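One-letter residues, chain by chain:
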Amino acid sequence: MSRQEDGRAGDGRVQDKVVFITGAARGQGRAHALRLAEEGADIIGVDLCGDIATNGYALATREDLDETVRQVEKLGRRMVARQADVREPGEVREAADAGAAELGRLDAVVAQAGICPLGNQDPAAFLDAVAVDFNGVVHAVQAALPHLPDGGSVIATGSVAGLLPGATDNPANGFGGLGYSWAKRAVASFIHDLAVTLAPRSIRANAVHPTNTNTDMLHSDPMYRVFRPDLASPTREDALLAFPAMNAMPVGFVEPEDVASLVLFLVSDESRFMTGMQLRVDAGSYVKNRPQPPAF
Ligand SMILES: NC(=O)c1ccc[n+]([C@@H]2O[C@H](COP(=O)([O-])OP(=O)(O)OC[C@H]3O[C@@H](n4cnc5c(N)ncnc54)[C@H](O)[C@@H]3O)[C@@H](O)[C@H]2O)c1
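All figures in this text were calculated on a predicted structure; none of them were measured in a lab.

## A few points about the site of the ligand
Taken together, 30 residues lie near the ligand, and R26, D47, Y180, T213 and T215 sit nearest. At a separation of 2.9 Å, a nitrogen atom of the ligand approaches a polar side-chain atom of D85. Relative to its unbound accessible surface of 830 Å², the ligand loses 98% to contact with the protein. Breaking the shell around the ligand down by element, the ones donating at least two residues are α1 (27–38) and α6 (174–198). For the shell around the ligand, the class distribution of residues is 12 nonpolar, 12 polar and 6 charged.

## Here's the deal with α1
With 12 residues, α1 extends 17 Å between its outermost C-alpha atoms, agreeing within 8% with the 16 Å of an ideal straight helix rising 1.5 Å per residue. Where burial is concerned, most of α1 is hidden: 11 out of the 12 residues are buried. Along α1, the residues classified as buried are Q28, G29, R30, A31, H32, A33, L34, R35, L36, A37 and E38.

## Topic: helix α9 (residues 256–267)
Quick reminder: α-helices carry 3.6 residues per turn. Residues three or four places apart thus point the same way. In a regular helix each residue adds 1.5 Å, so 12 residues correspond to 16 Å; α9 covers 16 Å between its end C-alpha atoms and thus fits that length. Contacts made by the buried residues of α9 are with β1 (18–22), α1, β4 (108–111), β5 (153–157), β6 (204–210) and β7 (278–281).

## Describing the sheet that holds β5
Paired through their backbone hydrogen bonds, the strands of a sheet run either parallel or antiparallel. One open sheet holds the 7 strands; their spatial order is β3-β2-β1-β4-β5-β6-β7, and the pairing between them is parallel. Looking at which strands have only one partner, the edges of the open sheet turn out to be β3 (79–83) and β7. Adjacent strand axes in the sheet meet at a mean angle of 15 degrees when their direction is disregarded. Pairing of β6 with β7 involves 4 bridges; the strand directions are parallel. Paired with A207 across the strands is Q278, a residue of β7. In the packing of helix α3 (residues 89–103) onto the sheet, contacts are made with β1, β2 (42–47) and β3, and the angle to β2 comes to roughly 160 degrees.

Quick notes on the rules
Residues numbered from 1 in each chain as written. Predicted model: local features only at pLDDT ≥ 70, side-chain atom pairs only at ≥ 80, totals over all residues. Heavy atoms only, no water. Near = heavy atom within 4 Å. Polar contact = N/O pair within 3.5 Å; in protein donor to acceptor, adjacent residues only side chain to side chain. Areas by Shrake-Rupley, 256 points an atom, 1.4 Å probe, with all protein chains shown as cover. Helix = DSSP H or I, 4+ residues; strand = E, 2+ residues; numbered from the N terminus. Nonpolar A, V, L, I, M, F, W, Y, C, P; charged D, E, K, R; others polar. Expected span 1.5 Å × (residues − 1). Buried < 20%, exposed > 50% of the residue type's maximum accessible area, 1.4 Å probe, protein only. Contact = heavy atoms within 4.5 Å. Pairing = 2+ DSSP bridges. Axes fitted to C-alpha atoms, helices over the stretch in contact; angles between N-to-C directions.

By themselves, these figures tell us nothing about what the structure is for.
Following this line, the structure appears as structure tokens:
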């Protein structure tokens, strides 16, 4: 049972802050919205609510985004939601501006909309992954910055795959996998540089790097094929057997709520002097798989 379902009230850790979340319709974006709302925040949320041709699984729908709004409101908080494409800076800016005008402020941004076009052999898949997973992050930051007060918070979602050479950028994963890794490495680097740039205003910038996370991105045919290259048409059950190999702890994936706990901490003033961090929620995946120096 999730913390939202059991009806426990939060402790006001982000009371009356307003947080802009990209990819808010489902998965981790929805979990962030709910965890933050539970702790007193109002939400501005955008999602594409449509599909991208090179991405081999369906993205969220308008109904998904409306459901996030419904669940935030059930927690007694407000959410201004818009259909917007993070590849389009103007759409992202309009959404942030309209949300900040309606909710009165904007304290933090969680740039986390993403696609993972694994296995696609068309170079366009590289560009689509970069356009969503990297450009989309920069566009969200660009849209939020004019509103952020001193002491605000920027959070971007990378991936442990971006930190591990040979994970999603294994040639078997095609141009889509290469683009995903490239974009996630670029997010990590951008956050480093952004942290230095924003530090004089005490605005912090941190990256969150999840391992396999229990969302529709993980539970997709392209991902099942990556984890079970030995099978022609792997099922969810086949993939569940292989997922734990990614992690040091004996789990196949973490839950979106596990990532949301870290996002909540990074939005809250509890993390006010933490910046430029690359924080993993990865069940030991990185330490298990990281490149090791040769043992001479
Ligand atoms: N699920 C995993 O195993 C995993 C692991 C590591 C990192 N991540 C990262 O976590 C983030 C969240 O992914 P998730 O796991 O919740 O998957 P998800 O597919 O459930 O959610 C991604 C959301 O982003 C939205 N989106 C996609 N393209 C968009 C665009 N152009 N404009 C606006 N919205 C768009 C989708 O509609 C969807 O609602 C992504 O950045 C992803 O790369 C996921």
